[in-house]
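Structural description and commentary
Each chain, letter by letter, is given below.
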Amino acid sequence: MQHHEIIVETEVDGAEEYAELLRRVIPAALEAEGVAVPCEVDVLFTNDEGIHAINLERREVDRPTDVLSFPMFELSPGEHPGAEDAEAGTGLVPLGDMVISLERATAQGEEYGHGTQREVAYLAVHSVLHLLGYDHMDEGEEKARMRAREEDILGQLGITRE
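Here is a short report on the structure shown in this document. All figures in this text were calculated on a predicted structure; none of them were measured in a lab.

**Some words on the nonpolar core**
Ranked by size, the top nonpolar core spans 43 residues in total, and within it Ile26, Val43, Phe45 and Met98 carry the most contacts. Residue assignment for this core shows that the elements contributing at least two residues are strand E1 (5-10), helix H1 (16-32), strand E2 (39-46), strand E4 (93-101), helix H3 (102-112), helix H4 (115-131) and helix H5 (141-156). Beyond its immediate sequence surroundings of up to four residues, Ile26 is in contact with Ile6, Val41, Val43, Met98, Ala124 and Val128. Counting six residues, the second largest nonpolar core, distinct from the first, contains Leu44, Ile54, Leu68 and Phe70.

Shown next, in the form of structure tokens:
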């Protein structure tokens, strides 16, 4: 398994307990997708207000959401960055950034009946797939493919819908 650097920052209380989860889930998702180079992924935990501001500023979408992904590369599913994309100083490929609304993750975890821990893990895997070029805007085949990969990766980690 590659050594990936998962940098977790938080603007909200209570997110620290999920940092270790992400340091396990994100590398597992990269491994499951066959990423063969060490990557850096930056994660920010915020609340609905914070993610709303970022969504408006970066995507011109005037509403909060659960997770945002900002990939460094334009990849297609199955395509990966290579060693040539690594930063000279660190040897890590800067894969991109993800922003998670812990407020929204908590609400969705309750709504779906599987808790915040599984929801945060799901959102992280979902975001990794976006960083690797997956998309679900078509609501059809691509979305189904992405959902199948998410469930497969979470299943490999033993994170199920309890």
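**Some remarks on the environment of Glu151**
Its location among the elements puts Glu151 in helix H5. Expressed as a C-alpha distance, the spacing of Glu151 and Tyr122, which sit 29 residues apart in the sequence, is 8.3 Å. Discounting chain neighbours no more than four positions away, the residues touching Glu151 are Arg118 and Arg161.

**Some points on the packing of aromatic side chains**
What the rule picks out here adds up to one aromatic pair. In this structure, Arg58 packs its charged tip against the face of Phe70, placed 3.9 Å from the ring centre.

**A word on the packing of H1 against H4**
Packed helices, taken two at a time, are described by the angle between their axes plus the distance between the axes. Remark: H1 packs on H4, axes separated minimally by 9 Å, with the N-to-C direction vectors making an angle of 40°. If you check the angle between H1 and H4, you find them oblique. Where H1 crosses over H4, the two elements pack in a sense that is right-handed. Contact residues: H1 offers Tyr18, Leu21, Leu22, Val25, Ile26, Ala29 and Leu30, while H4 offers Thr116, Gln117, Val120, Ala121, Ala124, Val125 and Val128. A breakdown of the residues in the contact of H1 with H4 according to their chemical character gives twelve nonpolar, two polar and no charged.

**Notes on the sheet that holds E4**
If you walk across this open sheet you meet the four strands as E1-E2-E4-E3, and the pairing is mixed. Strands with a single pairing partner mark the edges of an open sheet, and in this sheet they are E1 and strand E3 (67-71). The sheet shows a mean angle of 15° between the axes of neighbouring strands, direction not considered. As paired strands, E1 and E2 are joined by six bridges and run parallel to one another. Paired with Val8 across the strands is Val43, a residue of E2. Seen against the sheet, H1 touches E1, E2 and E4 and runs at an angle of roughly 150° to E1. The sheet strands contacting H4 are E2, E3 and E4, and the helix crosses E3 at an angle near 25°.

**Quick look at H5**
For H5, which comprises 16 residues, the first-to-last C-alpha distance of 23 Å matches the rise-based estimate of 22 Å (1.5 Å per residue) to within 8%. Listed as buried for H5 are Met146, Arg149, Glu150, Ile153 and Leu154. An end-on view of H5 places all buried positions within 125° of arc, on one side of the element. In H5, the exposed positions that point more than 90 degrees away from the buried face belong to Glu141 and Gln156. Residues of H5 that are buried in the fold lie against H1 and H4. Remark: Gly158 follows H5 within two positions and exhibits a positive phi of approximately 75°.

**Some words on the side chain of Asp66**
If you trace the backbone, Asp66 turns up in the loop between helix H2 (48-59) and E3. Lacking a salt bridge, the buried Asp66 has Arg104 as its closest oppositely charged neighbour, with an N-O distance of 6.6 Å. Looking at Asp66, its side chain comes within polar contact range of the side chain of Gln108, at 3.2 Å. In this view, Asp66 contacts Ile51, Val99, Ile100, Ser101, Arg104, Gln108 and Leu123; residues no more than four positions away in its chain are not counted.

What counts, and where the lines are drawn
Within each chain, residue numbers correspond to sequence positions counted from 1 in written order. Only residues with pLDDT of 70 or above have their local features reported here, since the model is predicted, and side-chain atom pairs are shown and tallied only from 80 upward, although totals for entire chains, interfaces and linings are computed over all residues. Excluded from the side-chain calculation are hydrogens and water; included are all heavy atoms of the structure. What is meant by a nonpolar core is a set of buried Ala, Val, Leu, Ile, Met, Phe, Trp, Tyr and Cys residues, joined one to another through side-chain atoms within 4.5 Å. Burial classes follow relative accessibility: with a 1.4 Å probe on protein chains only, a residue under 20% of its type's maximum area counts as buried, one over 50% as exposed, and anything between as partly exposed. Going along the chain from the N terminus, every DSSP run of H or I of four or more residues is numbered as a helix, and every run of E of two or more is numbered as a strand. The contact criterion used is simple: two residues touch if any of their non-hydrogen atoms lie within 4.5 Å. Only rings of Phe, Tyr and Trp enter the pairing, Trp through its six-membered ring, and a pair is recorded when the two centres are within 6.5 Å. The plane angle decides the type: under 30 degrees is stacked, over 60 is edge-to-face, the rest tilted. By the criterion adopted, a ring carries a charge over it if an Arg CZ or a Lys NZ lies within 6 Å of its centre and within 35 degrees of its normal. Comment: axis = line fitted to C-alpha atoms, over the contacting stretch for helices; angle = value between 0 and 180 degrees taken between N-to-C directions. Each angle gets one of four labels, with under 35 degrees taken as roughly parallel, over 145 as roughly antiparallel, 65 to 115 as roughly perpendicular, and the rest as oblique. Helix crossings are classified by the rotation of the near helix relative to the far one: an anticlockwise turn of less than a right angle makes the crossing left-handed, while a clockwise turn makes it right-handed. Gly is placed with the polar residues, together with every amino acid not listed as nonpolar (Ala, Val, Leu, Ile, Met, Phe, Trp, Tyr, Cys and Pro) or charged (Asp, Glu, Lys and Arg). Note on pairing: two strands pair once DSSP finds at least 2 bridges between them. In this analysis, the expected span of each helix is defined as 1.5 Å times one less than the number of residues it contains. To be clear, the arc concerns the directions from the helix axis to the C-beta atoms. Here Asp and Glu are counted as negative and Lys and Arg as positive; His is not counted, and neither are the chain ends. A pair is scored as a salt bridge if a Lys or Arg side-chain nitrogen falls within 4 Å of a carboxyl oxygen belonging to Asp or Glu. In the analysis that follows, any N or O atom pair within 3.5 Å is treated as a polar contact, provided that within protein one partner can donate a hydrogen and the other can accept it, and provided that, for residues neighboring in sequence, both atoms belong to side chains.

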